[in-house]
Amino acid sequence: MRALRYDTFGGALQVVEIPDPTPEPDGAVIEVALTGLCRSDFHAWTGHDADVVLPCIPGHEYAGVVRAAPSDPDLVGRRVVVPFVCACGACPECRRGSGQICRTQRQPGFTDPGSFAQFVAVPHARVNLVPLPDAVSDPAAAALGCRFATAWRALTAVARLRPGETVAVYGAGGVGLAAVMIARALGAHSVVVDISAAALVRATSLGATTIGVGAAATAQEIAALVRQVAPDGTDCGLDALGSPTLATASLAALRRGGRHVQVGLLDRPLSELPLELVVSRELQVLGSHGMAAGDYSELLAAVVAGEVEPDALVSDVISLAEAAAALPDLATPDEAAPGGIRLIDPSR
């Protein structure tokens, strides 16, 4: 099969021919229809994630067709989406229904070969495969496994965003724009902060109030701009990028009793967390890490109903060779596809 691979952190990204993967006894092999180019792939390539195993085939957000499933042949031929956290199904977290924080989790593109390939192996097929309704297209499905699933769970299960509330979304990349679309479906309002004019235009088209900031803006300056829109503070803040500055701004812009949800992966410690605000204003600081396969039903129902439209955020579909050139550009968030989600067709 054809795959995109790197052998060293920050090293060359090359399209290679390698053997097709073999399914584990309780696993499956998926023929990848489309896969997303995500900033987390950039973090992995640069060595920010200690779990990455070299050589690495990146890619963790994909949809496709089951081509082999030794322990469950009825799955063969089914269209599926796969969460980026592949759970074991047996540990205490999994038994509590929290497979997204499975203690022995495996992740394509990090611990395991990923989806920038024609085929990808998935462990524990019955635990990690999510069958797709016919009404969900491949482009829509390919955006679900990471960005939309992450934003959905962060807002619905973690933040518990309610109709009429305001959420400040920091970073209008794929996760951030998905959060805006989901907040609208929930009857909430979004305020979006970003440095990219194109991303802010897209956020505005989705109904958000937008705030443009400079790359050197401080957390205090950003929070002050948000409070011009929401003088009493926002009900919820979501750092969708992974920035100590934005996370701190989110906390400073919350109303008393507000909730901050950290979704973006930080590439350095958040040493300046204003705990004095957390205490004095009784703020909640929450983490959200993807979504387990068993929790996809409500999101899929929203997609089928047209309340959430992941394919509306797809900017383009590129080849593996084009992905090799595009992945390093993610050093600047969404530089390769401002205000959208870029998909890869591994057959190209």
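Residues numbered from 1 in each chain as written. Predicted model: local features only at pLDDT ≥ 70, side-chain atom pairs only at ≥ 80, totals over all residues. Heavy atoms only, no water.

K.L.:
Got a sec to walk through the overall build of the protein chain? Specific residues and values, please.
P.N.:
On a plain count of helices and strands, the protein chain comes out with 12 helices and 15 strands. Each of the three principal axes of the protein chain carries a C-alpha extent, and together these read 55 × 40 × 35 Å. Taking all 348 residues of the protein chain together, the buried fraction comes to 55%. A separation threshold of at least 6 residues defines the contact pool for the protein chain, and within that pool the share at least 24 residues apart is 72%. Here the protein chain has roughly 13500 Å² of accessible surface; of this, 52% comes from carbon and sulfur atoms. Here the protein chain holds 25 positive side-chain charges and 37 negative ones, and the gap between their average locations is 5 Å. (Helix = DSSP H or I, 4+ residues; strand = E, 2+ residues; numbered from the N terminus. Buried < 20%, exposed > 50% of the residue type's maximum accessible area, 1.4 Å probe, protein only. Contact = heavy atoms within 4.5 Å. Areas by Shrake-Rupley, 256 points an atom, 1.4 Å probe, with all protein chains shown as cover. Lys, Arg positive; Asp, Glu negative; His and termini not counted. Charge placed at Lys NZ, Arg CZ, Asp CG, Glu CD.)

K.L.:
Kindly report on unusual backbone geometry, identifying the contributing residues and their values.
P.N.:
With the exception of glycine, most residues fall at negative phi, and the peptide bonds are largely trans. With omega at -10°, the peptide bond leading from L54 into P55 counts as cis. Its place among the elements puts P55 in the loop between α1 (39-46) and β4 (62-68). Phi at R160 takes a positive value of approximately 55°, unusual for a residue other than glycine. The residue R160 is located in the loop between α5 (144-158) and β8 (166-170) in this model.

K.L.:
Give a detailed account of the environment of G176, specifying residues and quantitative values.
P.N.:
Along the chain, the position of G176 falls in helix α6 (residues 174-185). For the pair G176 and D194, spaced 18 residues apart in the sequence, the C-alpha separation amounts to 9.7 Å. For G176, the contacting residues outside a window of four places in its chain are V169, G171 and A240.

K.L.:
Any chance you could break down the pattern of salt bridges for me, citing the residues and the numbers?
P.N.:
Pairing between side chains becomes possible if they bear opposite charge and their charged atoms approach one another. What the rule picks out here adds up to 14 salt bridges. A salt bridge links E24 to R106; its shortest N-O distance comes to 2.6 Å. Here E24 is found in the loop between β2 (13-17) and β3 (28-37), whereas its partner R106 is found in the loop between α2 (92-95) and β6 (119-122), with 82 residues between them in sequence. Accessibility expressed as a relative area gives 25% for R106, which makes it partly exposed. Of the charged contacts, one joins R79 and D138 as a salt bridge, the two residues approaching to 2.9 Å between their closest N and O atoms. Here the residue R79 occupies a position in strand β5 (residues 79-82), and D138 occupies one in helix α4 (residues 138-142), the gap between them amounting to 59 residues. Judged by relative accessible area, which is 22%, R79 ranks as partly exposed. (Salt bridge = Lys/Arg side-chain N within 4 Å of Asp/Glu carboxyl O.)

K.L.:
Now, about the packing of α5 against helix α11 (residues 297-304): what can you tell me, with residues and values included?
P.N.:
Relative to each other, α5 and α11 sit at 100°, their axes nearing to 11 Å. As judged from the angle between their axes, α5 and α11 are roughly perpendicular. From α5, L144, F148, A149 and W152 reach across to α11, where they touch E298, L299, L300, A302 and V303. Looking at the contact of α5 with α11, its residues break down into eight nonpolar, no polar and one charged. (Axes fitted to C-alpha atoms, helices over the stretch in contact; angles between N-to-C directions. Parallel < 35°, antiparallel > 145°, perpendicular 65-115°, else oblique. Nonpolar A, V, L, I, M, F, W, Y, C, P; charged D, E, K, R; others polar.)

K.L.:
Would you mind going over the nonpolar core in detail, with residue names and values included?
P.N.:
If you look at the biggest cluster of nonpolar residues, it comprises 54 residues, and the most contacted ones within it are L144 and F148. Elements with a contribution of two residues or more to this core: α4, α5, β8, α6, α7 (197-205), β11 (234-239), α11 and β15 (341-344). Ranked by size, the runner-up nonpolar core spans 27 residues in total, among them Y6, F116, A323 and A324. (Core = buried A, V, L, I, M, F, W, Y, C linked by side-chain atoms within 4.5 Å.)

K.L.:
How would you sum up the environment of L238? Please name residues and give values.
P.N.:
Following the sequence through the fold, L238 ends up in strand β11. Spatially, the C-alpha atoms of L238 and V15 are 36 Å apart, while their sequence positions differ by 223 residues. If sequence neighbours within four positions are ignored, L238 has contacts with A154, V167, A168, V169, Y170, A179, S250, V261 and V263.

K.L.:
Can you tell me about the sheet that holds strand β12 (residues 254-262), naming the residues and giving the values?
P.N.:
As summarised here, the arrangement of the six strands in space is β10-β9-β8-β11-β12-β13, forming an open sheet in which the pairing is parallel. Either end of the sheet is taken by a strand with one partner, and the two such strands are β10 (209-212) and β13 (284-287). Taken over all neighbouring pairs, the strand axes of this sheet differ in orientation by 20° on average, direction set aside. Sheet analysis places β11 next to β12, joined by five bridges and oriented parallel. Looking at β12, one finds that T234 is bridged to L254. The sheet strands contacting α6 are β8, β9 (189-194) and β11, and the helix crosses β8 at an angle near 165°. (Pairing = 2+ DSSP bridges.)

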